[in-house]
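The lines below spell out each chain.
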Amino acid sequence: MSAAAVPSPIPSTPAAGSGEEAAGGLYRDAFRRLRRSPTAIVGAVLVSAFVLIAVLAPWIAPYDPTAVDLTDIRPGVFPGPSAEHLLGLDQLGRDELSRIIYGARYSLLIGVVSLSLGAIVGLSLGLVAGAFGGWVDGLIMRLVDIMLAIPSLLLAIGVAALLGPRLISVMIAIAVVNVPIFARLLRGSMLAQRRSDYALAARSLGVSRSRVVLQHVFPNSLAPVIVQGTLALATAIIEAAGLAFLGLGSPDPAVPEWGRMLAETQSFLASAPLLALWPGLAIVLSVMGFYLLGEALREALDPKLRR
Amino acid sequence: MSLLEVRGLKVHFPIKKGIVLERTVGAVRAVDGVDLTVEKGTTLGIVGESGCGKSTLGRAVLQLEPVTAGTVVFDGEDLGALKGAALRRMRRRMQMVFQDPLASLDPRQSVSSVLTEPLRTHGEKGPFDKRVRELLDLVGLPATAANRYPHEFSGGQRQRIGIARAISLNPELIIADEPVSALDVSIQAQVVNLLEELQQRLGLTYLVIAHDLAVVRHISDDIAVMYLGAVVEVAPSDDLYEAPLHPYTIALLSAIPIPDPEVEDRRERVLLRGDLPSAADPPSGCRFHTRCPFRQPTRCSDEVPELRVLEAFPGHQVACHWAEQVHSGELQPAQGSVAEPVEASAGPTPSGPAAPPDGLGLVLP
Amino acid sequence: MTTATTPRDAVPGQLAGEPLLKVRDLTVTFASRGRRAVRAVDGIDLDVAAGSTVGIVGESGSGKSVTSLAALGLLGKRGVQISGSVHFDGADLLNMPDDELRAVRGKEIAMIFQDPMSSLNPVLTIGRQITEILVRHRGLSKQEARDEAASLLQSVGIGDSVRRLRSFPHQLSGGMRQRVMIAMALACAPRLLIADEPTTALDVTISAQILELLRTLVAETQTALVLITHDLGVVAGLCDTVHVMYSGRIVESAPRRPLFAAPEHPYTNGLLASVPRLDQPRGIPLLPIPGSPSDTLPWAQGCAFSPRCTRREDDCLGGPPPLAPVGHPAHLLRCMHPVPTGERRV
């Protein structure tokens, strides 16, 4: 009945894939829909602001984020926002705004590196499982199931604790969490595409199995991966903040990580609540940006919505 | 020699249980012992309702489904014995047209890429521009279509692309699986006519699989009726319609609506009871006996009927123990399984008892 | 021209008094932001007399389903503009408060759709779903409702009905689900039943069962039926009056016998000529309608069918042709150049 209510004479179109050959279909359409979606616009604005701030931090930050200046600090009382320090000073007299700005760098760095690592390993596993099927698929998927059965933050804590508190271990920890997600997603998408009529059509033409998988099935399975990639960036930022909050982030206390900043303000929550607000807000806004963008992408790429 | 000979073909899909230790607990008998013969240059239609195994049969003929038992001989070659590259080479001689023209085209491929993929696959060297134009012309699409993508076309045009791909390698056999059922009514005739025209021009042999008996009758020389994995009747198209011998065929024919009130009002419908049984556990004896309006207390439920030729109908095979009696009117459908014609009593002559209806269940005045 | 003689072809309500459902100049436009507005239904007039059967025939995009959904207020409000009037038994459905409209829809007008699975609640037993309607709309007690539900299932040909009430929708076959939908639709003895492609998703033998069921139920209960379909064969055996829609407008409407005996519109004639018929000798060539349903012209610029029409002349492009009687007073046609007798496919 939902179909009956739609007057459009243009028939629906199925899921589609990556660009090199056919930018024509899916991606042009998806982009057109993205531009019309308010969700996508808000998401894109938040994400671009976040990325720009991260990249341009040295130029836009008013102060050195690590410069300690105790002149105005008295025990338990820190100067709040002023014309000189827009967001005030933290417990060591560092400029809060500059620390938030530099914090974006770390979040982005951790997000991008951990996501790339996780996606590369996860997609490779997914590709192998989806392409070969059979016992290879069974083995890889059982492994993935085990990884998925462990709560992701717990897994990340375990890995970070194992490798010691370093930035790279945070990245690896988050990458490990992403591996099973990407593996499962690509494999499921590929299995669905393998059963599609056009894959059967290619086989009936005499195209060899490996070419069917590489030229038809794999590129058409990537749409959900792109969506997941965007959402995974949001999760990575939260997890990075969570690990830093727990003290498993960078060992250098001067590094302005949002999670650690949040943790450090705990003892001053009563006297300087604003200091907890700023990093919290930064985390929420950047995570929300990626989520909104991911949701909008999901909608734009959904074959069922293509009319 | 026939172009295609199928003997005792079975496709059983195992039903598996258990997550870690999978074990087979049964099998869906999608195709369960089918014999078919298709002569060169002719069309064999396969009709049946969903779940009868007709699509699986079509794919199994092309070795796209694992064959459990039986042989498929194409132009003297046993396809089941061919492996890997040899089978792939053989594929250029037999092609397929699919039901959903959009789903069967890779959304990322332009039309010219769709049409040249078979050529490239079979080692032909480009440039293919001339061949692409030729193919598009054959199926009635403009040459400008080459650089466009499947979603830019209407349903009928997409099916033309699918057909162009199927004929690109100059095959001898084309298996068309519900080639028109996804299309709008006004478009179906375009595609049916195109298939007929191509058959004449290129000397193609068709195996057309469809649920629409009217369409199948229109394009087929012979028709095989399938029910629950088995063929229950095979006959030349005209014979099948004029003298359906199997109770299932009789019900199928009488169920198809005719766009003419005069005809509709005078039809007597043989209605089937219940639903299709599971192919994992088909009924014993005749598979159709659970729904058959002519079921008899003997033989039907315990003796499997073989396809046989009736004396009065040469060239017409039927798998029913009671086909003679059903045809002569000696056996009548069970009570409640006949929908009386709307005008039974309003007709010009008082309706006599059981004048044998023709294939459509038309009670003639 | 053949004139209707049998009682089935007489349309009682149209001659005596007001029809049960009266639709005038119904127009539905879908307009969502950033997209071209689509006029799905473009000035439909429709009368359904009490106890009669009316067929609406059209292909995808003809607006046949949108017509009924709009008439019953089922299209929602966002992005939809509806104008014209819809009266059911004298009451104005388009301007009725939502709760009153819901009461009419549940009790007086019922609908069944192509896909019964999406209309049934998958987590409730069918017994629960039927009794709920009976309790709400007919005020029966739980026990009465259960008994009534069982007898309703019986009446739509579901045997072992008491046990079947405990089934969930997914445990039933497609034909069985459609029977359940019909039972639910008839639970409140509605005066109007709208069936939107009720058999399209079903196999032909099951479809024949369902159509036979509709035929007998409608005759027994004197329920008016609006049957929406793409299949001319289905309406030929079932409907008193047939309306053929193309691109949002009725292009031809007539009692079924004159319509099938003398299809005047090139589209109606084209539909009949493009399907193979089992009752005619094999080998009659099919005459397809060229182009596709999306090759239309806005009605304001002329006949929407003209881009596909083999009888097109220059005067087809001067605004929409009127829907006017031809021959038989109830035979209405929207065409400047009807198909002459010799070229009809009947």
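Keep in mind the model is a prediction, meaning the values are calculated, not measured.

How do you make sense of the overall build of chain B when you look at a structure like this?
Assigned secondary structure in chain B consists of 11 helices and 14 strands. At 22 Å, chain B has a C-alpha radius of gyration in line with the 21 Å of a compact globule built from 365 residues. In terms of overall dimensions, chain B has a C-alpha envelope of 70 × 55 × 45 Å along the principal axes. Look at the contacts in chain B between residues 6 or more apart in sequence, and 63% of them connect residues 24 or more apart. Working note: accessible area of chain B is about 14600 Å², and carbon and sulfur atoms make up 50% of it. With 36 positive and 47 negative side-chain charges, chain B shows a separation of 10 Å between the mean positions of the two kinds.

What is the right way to look at the overall build of chain A in this model?
Helix and strand counts for chain A come out as 12 helices and zero strands. Secondary structure elements in chain A, listed N-terminal to C-terminal, are α-α-α-α-α-α-α-α-α-α-α-α. The proportion of buried residues among the 307 residues of chain A is 50%. By sequence separation, contacts in chain A at least 24 residues apart represent 74% of the contacts at least 6 residues apart.

Just to check I follow, could you spell out the pairing of strand 7 (residues 173-177) of chain B for this structure?
Every regular strand shows the same layout, with side chains that alternate between the two sheet faces. Residue and element names in this part refer to chain B. Of all five residues making up strand 7, five are buried, and the element is well covered by its neighbours. Residue alternation in strand 7 divides its side chains into two sets, Leu-173, Ile-175 and Asp-177 and Ile-174 and Ala-176, and both sets are buried. Here strand 6 (residues 94-97) pairs with strand 7 via four bridges, running parallel. Its bridge partner being in strand 7, Gln-95 is matched across the sheet by Ile-174. Following the chain from strand 7 across helix 6 (residues 185-202) to the adjacent parallel strand 8 (residues 205-210), one finds a crossover that is right-handed.

Just to check I follow, could you spell out the state of the cysteines for this structure?
By definition, a disulfide links the sulfur atoms of two cysteines through a covalent bond. Residues and elements named next belong to chain B. Under the criterion given, the structure shown has zero disulfides over all chains. The closest cysteine sulfur to the non-disulfide-bonded Cys-52 is located on Cys-286, 15 Å from its own sulfur. Looking at Cys-52, the relative accessible area reads 3%, which means it is buried.

Help me understand the confidence of the model for chain B, please; the structure alone is not making it clear to me.
Atom-level detail of predicted coordinates should not be read off regions where pLDDT is low. Residues and elements named next belong to chain B. Taken as a whole, chain B shows an average pLDDT of 88; of its residues, 92% reach a score of 70 or greater. Taken as a whole, residues 344-356 scores under 50 in pLDDT and shows four contacts with residues more than four places along the chain or in a different chain. Here the complex is predicted with pTM 0.83, and the ipTM for its interfaces comes to 0.85.

For this particular structure, what's the right way to read the sheet that holds strand 2 (residues 38-48) of chain C?
Two orientations exist for strands paired in a sheet by backbone hydrogen bonds: parallel and antiparallel. Residues and elements named next belong to chain C. Here four strands make up an open sheet; going across it, the order is 2-1-4-5 and the pairing antiparallel. In this open sheet, the two edge strands, each paired with only one partner strand, are strand 2 and strand 5 (91-92). Two strands pair when backbone bridges link them, and strand 4 (residues 80-88) and strand 5 are joined in this way by two bridges, in the antiparallel orientation. Paired with His-87 across the bridge in strand 5 is Asp-92. This element, helix 2 (residues 64-71), spans strand 1 (21-30), strand 2 and strand 4 of the sheet and lies at about 110° to strand 1.

Explain the sheet that holds strand 13 (residues 317-318) of chain B here, please?
All names here are of chain B. Strand order in the open sheet made by the eight strands is 6-7-8-3-9-10-13-12, with mixed pairing throughout. Every other strand in the sheet has two partners, leaving strand 6 and strand 12 (308-309) as the edge strands with one partner each. Packed onto the sheet, helix 9 (residues 247-255) meets strand 9 (222-227) and strand 10 (230-236) and runs at close to 105° relative to strand 9.

Would you take a moment to explain a nonpolar patch on the surface for this structure?
Residue and element names in this part refer to chain A. Nonpolar side chains collect at one region of the surface, where Leu-52, Ile-53, Val-55, Leu-56, Trp-59 and Ile-60 lie side by side and expose about 590 Å² of accessible area between them. Along the chain, the position of Ile-60 falls in helix 3 (residues 38-60). For Ile-60, a relative accessible area of 42% gives the class partly exposed.

Even after reading the chapter, I still don't get the environment of C:Met111, so can you show me in this structure?
Residues and elements named next belong to chain C. Structurally, Met-111 is set in strand 6 (residues 109-112). For the pair formed by Met-111 and Ile-194, sequence separation is 83 residues and the distance between their alpha carbons is 4.6 Å. Residues contacting Met-111, with those up to four places away along its chain left out, are Ser-68, Leu-69, Leu-72, Leu-74, Met-181, Ala-185, Leu-193 and Ile-194.

I keep staring at the pairing of strand 4 of chain C and nothing clicks. Help me out?
Residue and element names in this part refer to chain C. Relative to strand 4, strand 1 runs antiparallel, the two sharing eight bridges. Across the sheet, the residue bridging to Lys-22 is His-87, located in strand 4. Here strand 4 folds back onto strand 5, and the loop between the two strands holds two residues, one of which, Asp-89, carries a positive phi near 50°.

Explanation requested: the side chain of A:Glu239 in the structure shown.
Residue and element names in this part refer to chain A. Relative to the assigned elements, Glu-239 resides in helix 10 (residues 223-245). Among buried charged residues, Glu-239 stands out as having no salt bridge; its nearest opposite-charge side chain is Arg-298, 15 Å away. Once residues within four sequence positions are removed from consideration, Glu-239 is found in contact with Ser-152, Leu-153, Ile-174 and Val-177.

Just checking my understanding: could you explain helix 3 of chain A for this structure?
Because the α-helix completes a turn every 3.6 residues, residues three or four places apart line up on one side. Residues and elements named next belong to chain A. Taking 1.5 Å per residue, 23 residues should reach 33 Å; helix 3 reaches only 29 Å between its end C-alpha atoms and comes up short. When the local axis directions of helix 3 are compared, the greatest deviation, roughly 50°, occurs at Ala-54, which is followed within four positions by the proline Pro-58. Listed in full, the buried residues belonging to helix 3 are Ala-40, Gly-43, Leu-46, Val-47, Phe-50, Ala-54 and Ala-57.

Please explain unusual backbone geometry as it appears in this structure.
With the exception of glycine, the majority of residues adopt a negative phi angle, and the majority of peptide bonds are in the trans configuration. Residues and elements named next belong to chain C. The phi dihedral of Asp-89 falls on the positive side, at around 50°, and the residue is not glycine. With respect to the secondary-structure elements, Asp-89 resides in the loop between strand 4 and strand 5. Backbone geometry places Glu-197, a non-glycine residue, at a positive phi of 45°. By the element assignment, Glu-197 lies in the loop between strand 7 (192-196) and helix 9 (204-221). Here Glu-197 falls in the buried class, since its relative accessible area comes to 8%.

Explain the environment of C:Ser85 to me, please; I cannot follow it from the model alone.
Residue and element names in this part refer to chain C. Topologically, Ser-85 is positioned in strand 4. Ser-85 sits 63 residues away from Lys-22 along the chain, and the two C-alpha atoms are 8.0 Å apart. Those residues in contact with Ser-85, other than ones at most four positions away along the chain, are Lys-22, Val-23, Arg-24 and Leu-94.

Just checking my understanding: could you explain the packing of aromatic side chains for this structure?
To describe a pair of aromatic rings, you give the distance between the ring centres and the angle between the ring planes. Residues and elements named next belong to chain B. The final tally for this structure, using the stated rule, is eight aromatic pairs over all chains. Arranged with centres 4.8 Å apart and planes meeting at 55°, the rings of Tyr-227 and Tyr-248 form a pair that is tilted. One end of the pair, Tyr-227, is in strand 9; the other, Tyr-248, is in helix 9, with 21 residues separating them in the sequence. In terms of burial, Tyr-227 and Tyr-248 fall into one category: buried. Judged by centre distance (5.3 Å) and plane angle (70°), the ring pair of Tyr-248 and Phe-288 falls under edge-to-face. Residue Tyr-248 is found in helix 9, and its partner Phe-288 is found in the loop between strand 11 (269-270) and strand 12; the two are separated by 40 residues along the sequence. We note that Tyr-248, like Phe-288, is buried. In this structure, Arg-148 packs its charged tip against the face of Phe-153, placed 4.6 Å from the ring centre. The ring of Tyr-241 carries the charged tip of Arg-217 above its face, separated from the ring centre by 4.5 Å.

Can you help me understand the interface of chain B and chain C in this one?
A common way to report how large an interface is uses the accessible area buried once the components associate. With 47 residues of chain B at the interface, the matching set in chain C holds 45 residues. Counting each side, the surface lost to burial between chain B and chain C is near 4000 Å², with a carbon and sulfur contribution of 58%. Seen at the junction of chain B and chain C, the total is five salt bridges. B:Asp265 is the partner of C:Arg257 in a salt bridge, and the nearest nitrogen-oxygen pair spans 2.5 Å. At the boundary of chain B with chain C, the tally comes to 20 residue pairs in polar contact (both at pLDDT 80 or more). Elements with a contribution of two residues or more to the side of chain B that touches chain C: helix 6, helix 7 (213-219), helix 8 (237-242), helix 9 and helix 10 (261-265) of chain B. Take the side of chain B that touches chain C: its biggest share by element is seven residues, from helix 6 of chain B. When its residues are assigned to classes, the side of chain B that touches chain C shows 24 nonpolar, nine polar and 14 charged.

What should I look at first to understand the packing of helix 3 (residues 111-121) of chain B against helix 5 (residues 155-167) of chain B in this one?
Residues and elements named next belong to chain B. Close contact between helix 3 and helix 5 brings their axes to 8 Å; oriented N to C, the two are set at 25°. The pairing of helix 3 with helix 5 is recorded here as roughly parallel in orientation. Crossing hand, helix 3 versus helix 5: right-handed. Of the residues in helix 5, those in contact with Val-111, Val-114, Leu-115 and Pro-118 of helix 3 are Ile-161, Ala-164 and Arg-165.

The rules behind the values
- Residues numbered from 1 in each chain as written.
- Chains lettered and ligands numbered in written order.
- Predicted model: local features only at pLDDT ≥ 70, side-chain atom pairs only at ≥ 80, totals over all residues.
- Heavy atoms only, no water.
- Helix = DSSP H or I, 4+ residues; strand = E, 2+ residues; numbered from the N terminus.
- Rg over C-alpha atoms; globule rule 2.2 N^0.38 Å.
- Contact = heavy atoms within 4.5 Å.
- Areas by Shrake-Rupley, 256 points an atom, 1.4 Å probe, with all protein chains shown as cover.
- Lys, Arg positive; Asp, Glu negative; His and termini not counted.
- Charge placed at Lys NZ, Arg CZ, Asp CG, Glu CD.
- Buried < 20%, exposed > 50% of the residue type's maximum accessible area, 1.4 Å probe, protein only.
- Pairing = 2+ DSSP bridges.
- Right-handed = clockwise from strand over helix to strand, strands pointing away.
- Disulfide = S-S within 2.5 Å.
- pLDDT = per-residue confidence, 0-100.
- Axes fitted to C-alpha atoms, helices over the stretch in contact; angles between N-to-C directions.
- Patch = residues over 30% accessible without salt bridge, like charges linked within 9 Å, V, L, I, M, F, W, Y side chains within 5 Å.
- Salt bridge = Lys/Arg side-chain N within 4 Å of Asp/Glu carboxyl O.
- Expected span 1.5 Å × (residues − 1).
- Bend = angle between axes of the 7 residues up to and from the residue.
- Phe/Tyr/Trp six-rings, centres within 6.5 Å; stacked < 30°, edge-to-face > 60°.
- Lys NZ or Arg CZ within 6 Å of the ring centre and 35° of its normal.
- Buried area = accessible area lost by both parts, 1.4 Å probe.
- Polar contact = N/O pair within 3.5 Å; in protein donor to acceptor, adjacent residues only side chain to side chain.
- Nonpolar A, V, L, I, M, F, W, Y, C, P; charged D, E, K, R; others polar.
- Parallel < 35°, antiparallel > 145°, perpendicular 65-115°, else oblique.
- Left-handed = near helix turned anticlockwise from the far one by under 90°.

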